[in-house]
Amino acid sequence: MSRLLGGRELFIGEILDTIPQRVAPGLVLGPMRQGWPSYRLLEQHIFGLKCLVADARGPYEDRECVQQIFELTLDADYPLAELESRYLTKIEPVIGRPIKANRYATQSAAQVAYSADWDSADLRVTLSIYGGPRASHGGMATAGLFVNLRDELPIMARYAAALSARESALWGTLTSPDVLHISRLQTKLTPFSLQPWAVQSDPVRRKAQKAFYKRDLLETPPLVSQRLAANEVMLWRHSAHLFVSTQFDTVQLVTGQTTLEVVNILPARGGGGLSVHVGELQITDVPGSRPLTELVEAIQAVCAVRYRYQETYDD
């Protein structure tokens, strides 16, 4: 379900790939595939302000848009000191005074000189005034307007239900995992979560976020989780299925489909490390980690994964 803000319809809540069908062809600049999938759209106004371009973004093309970003410009070349009042004069009559605002010292256009937040219905609206004009589509943008859902849980709920059903189908009859290998790392592993505070305080939200923002990252079943310390990874089997688990997160190994990527992080600004990506599960340890290398070898011994190796610098 789309939303209204400042007298115009937003695409937040709509499935991302349905957006081009609702926009005149000449206004769609095309899908963007760097980072989150998004559609870049030519815009005309919001709050009576001129928009050079907007991005409607979501975690996948077939999932809901959860953010819309507008690149704003003013008709005149106002100095930085006047931009704040010029923008607020347009926005405040529609959605009121900001609930929070901050000013920052800036030295370049890449920085933000002023930011303000509003809550409008179920939306969080953030205005960021840049430290100088930034080149954008068809002009120079002096601010960005970021619109996000304040609470994504209602949208994520059906994905969480589907995740639970998938997990039940995979290991609903589990009584004891067939443990093939356990690696004990020097580094404590952290679970996937968009908000670190949600790991312990809000497990329902953490699982819902995982279900929405990932496709194949599962919850670790309690019978496996209780066997693992925070720095341990288990390779295990149940029925005909193979899995790799940390205390919180699990991926299924699928012959010929699962990608196993080893990234040797060479020291630069940092000390480096060894990182292993098993599908959507990322595991990182100290440089040259023998336990992590042994995990890779154990996975390759039981499943024909798509193996990749690369080196990068810790910068």
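For the structure itself, look to the data block above.
Procedures and definitions
- Residues numbered from 1 in each chain as written.
- Predicted model: local features only at pLDDT ≥ 70, side-chain atom pairs only at ≥ 80, totals over all residues.
- Heavy atoms only, no water.
- Helix = DSSP H or I, 4+ residues; strand = E, 2+ residues; numbered from the N terminus.
- Buried < 20%, exposed > 50% of the residue type's maximum accessible area, 1.4 Å probe, protein only.
- Contact = heavy atoms within 4.5 Å.
- Areas by Shrake-Rupley, 256 points an atom, 1.4 Å probe, with all protein chains shown as cover.
- 1 Å grid on protein atoms, 1.4 Å probe; cavity = no way out; pocket = protein on both sides within 12 Å on 5 of 7 lines; lining within 4 Å.
- Points joined across faces, edges and corners; volume = space filled by probe spheres on them.
- Nonpolar A, V, L, I, M, F, W, Y, C, P; charged D, E, K, R; others polar.
- Axes fitted to C-alpha atoms, helices over the stretch in contact; angles between N-to-C directions.
- Parallel < 35°, antiparallel > 145°, perpendicular 65-115°, else oblique.
- Polar contact = N/O pair within 3.5 Å; in protein donor to acceptor, adjacent residues only side chain to side chain.
- Pairing = 2+ DSSP bridges.
- Salt bridge = Lys/Arg side-chain N within 4 Å of Asp/Glu carboxyl O.
- Expected span 1.5 Å × (residues − 1).
- Bend = angle between axes of the 7 residues up to and from the residue.

S.K.: Honestly, the overall build of the protein in this entry has me stumped. Any pointers?
M.R.: Scanning the protein from N- to C-terminus turns up six helices and 20 strands. Dimensions of the protein, computed from C-alpha atoms along their principal axes, come out at roughly 65 × 45 × 40 Å. Taking all 315 residues of the protein together, the buried fraction comes to 47%. In the protein, 56% of the contacts between residues at least 6 apart in sequence involve partners at least 24 apart. For the protein, the exposed area adds up to about 15600 Å²; of that, 50% sits on carbon and sulfur atoms.

S.K.: Could you clarify how one ought to interpret empty space enclosed by the protein in this entry?
M.R.: One simple way to see leftover space: roll a probe sized like a water molecule over the atoms. The full count for this structure, using the stated rule, is one cavity of 30 Å³ or more. Put simply, the largest cavity is a space of about 40 Å³. Forming the walls of the largest cavity are Leu 189, Thr 190, Pro 191, Ala 229, Ala 230, Glu 232, Thr 246, Gln 247 and Phe 248. By residue class, the composition of the lining of the largest cavity is five nonpolar, three polar and one charged.

S.K.: Before we go on, may I ask you to explain unusual backbone geometry in this structure?
M.R.: Among all residues save glycine, negative phi is the norm, and among peptide bonds the norm is trans. Its identity is not glycine, yet Phe 47 carries a phi of approximately 55 degrees, on the positive side. One can find Phe 47 in the loop between strand 5 (45-46) and strand 6 (49-57). Under the relative-accessibility criterion, Phe 47 is labelled buried at 5%. With a phi close to 55 degrees, Ser 239 is a non-glycine residue in the positive phi region. Residue placement: Ser 239 occurs in the loop between strand 14 (232-238) and strand 15 (241-245).

S.K.: Before we go on, may I ask you to explain the packing of helix 2 (residues 153-171) against helix 4 (residues 203-213) in this structure?
M.R.: A pair of packed helices is characterised by two quantities: the angle between their axes and the separation of those axes. The interhelical angle for the contact between helix 2 and helix 4, taken along N-to-C directions, is 85 degrees, at an axis separation of 7 Å. The orientation of helix 2 relative to helix 4 falls into the category roughly perpendicular. Of the residues in helix 4, those in contact with Leu 153, Ile 155, Met 156, Tyr 159, Ala 160, Leu 163, Ser 164 and Glu 167 of helix 2 are Arg 205, Lys 207, Ala 208, Gln 209, Lys 210, Ala 211, Phe 212 and Tyr 213.

S.K.: Teacher, can you tell me more about the side chain of Glu 43 here?
M.R.: With respect to the element layout, Glu 43 can be found in the loop between strand 4 (38-41) and strand 5. According to the relative accessible area criterion, Glu 43 is buried, its value standing at 11%. In this structure the side chain of Glu 43 is engaged in a polar contact, spanning 2.7 Å, whose partner is the side chain of Arg 8. Contacts of Glu 43, omitting those with residues within four sequence positions, involve Arg 8, Cys 51, Leu 52, Val 53, Ala 54, Gln 68 and Phe 70.

S.K.: I keep staring at the sheet that holds strand 20 (residues 306-313) and nothing clicks. Help me out?
M.R.: Two orientations exist for strands paired in a sheet by backbone hydrogen bonds: parallel and antiparallel. Taken together, four strands build an open sheet; the order of strands is 19-18-17-20 and the sheet is mixed. Where the open sheet ends on each side, the last strands, each with one partner, are strand 19 (281-285) and strand 20. Sheet twist, expressed as the mean angle between neighbouring strand axes with direction ignored, is 15 degrees. Relative to strand 18 (residues 273-278), strand 17 (residues 259-266) is paired through six bridges, and the arrangement is antiparallel. For Ile 265, the partnering residue across the bridge sits in strand 18 and is Gly 273. Of the strands in this sheet, strand 17, strand 18, strand 19 and strand 20 are in contact with helix 6 (residues 290-302), which crosses strand 18 at around 25 degrees.

S.K.: What's the story with the pattern of salt bridges in this structure? I'm lost.
M.R.: As a working rule, side chains carrying opposite charge can pair if their charged atoms are close by. Applying the stated rule across the entire model yields 24 salt bridges. Between Arg 290 and Glu 297 there is a salt bridge, with the nearest N and O atoms lying 3.5 Å from each other. Accessibility expressed as a relative area gives 45% for Arg 290, which makes it partly exposed. Each of the salt bridges in this network shares a partner with another, and the network as a whole consists of Arg 206, Lys 210, Glu 219 and Asp 249.

S.K.: What is the right way to read helix 1 (residues 80-95) from this model?
M.R.: In an α-helix, one full turn covers 3.6 residues, which means residues spaced three or four apart are oriented alike. Taking 1.5 Å as the rise per residue, helix 1 with 16 residues should run 22 Å; its terminal C-alpha atoms sit 23 Å apart, in good agreement. At Thr 89, helix 1 is bent by approximately 35 degrees, the largest bend along its length, and proline Pro 93 sits one to four residues beyond. Of the residues making up helix 1, those classed as buried are Leu 83, Glu 84, Tyr 87, Leu 88, Ile 91 and Ile 95. Looking at the residues trailing helix 1, positive phi occurs at Gly 96, about 85 degrees.

S.K.: Sorry if this is basic, but what is going on with the pairing of strand 17 here?
M.R.: Along a regular strand, successive side chains alternate from one face of the sheet to the other. With respect to burial, strand 17 is a largely interior element, seven of its eight residues being buried. One ladder, built from eight bridges, connects strand 17 with strand 20; its direction is parallel. Residue Thr 259 lies in a different strand from strand 20, and its bridge partner there is Arg 306. Where strand 17 folds back on strand 18, the antiparallel hairpin that results is connected by six residues, among which Gly 272 adopts a positive phi of roughly 85 degrees.

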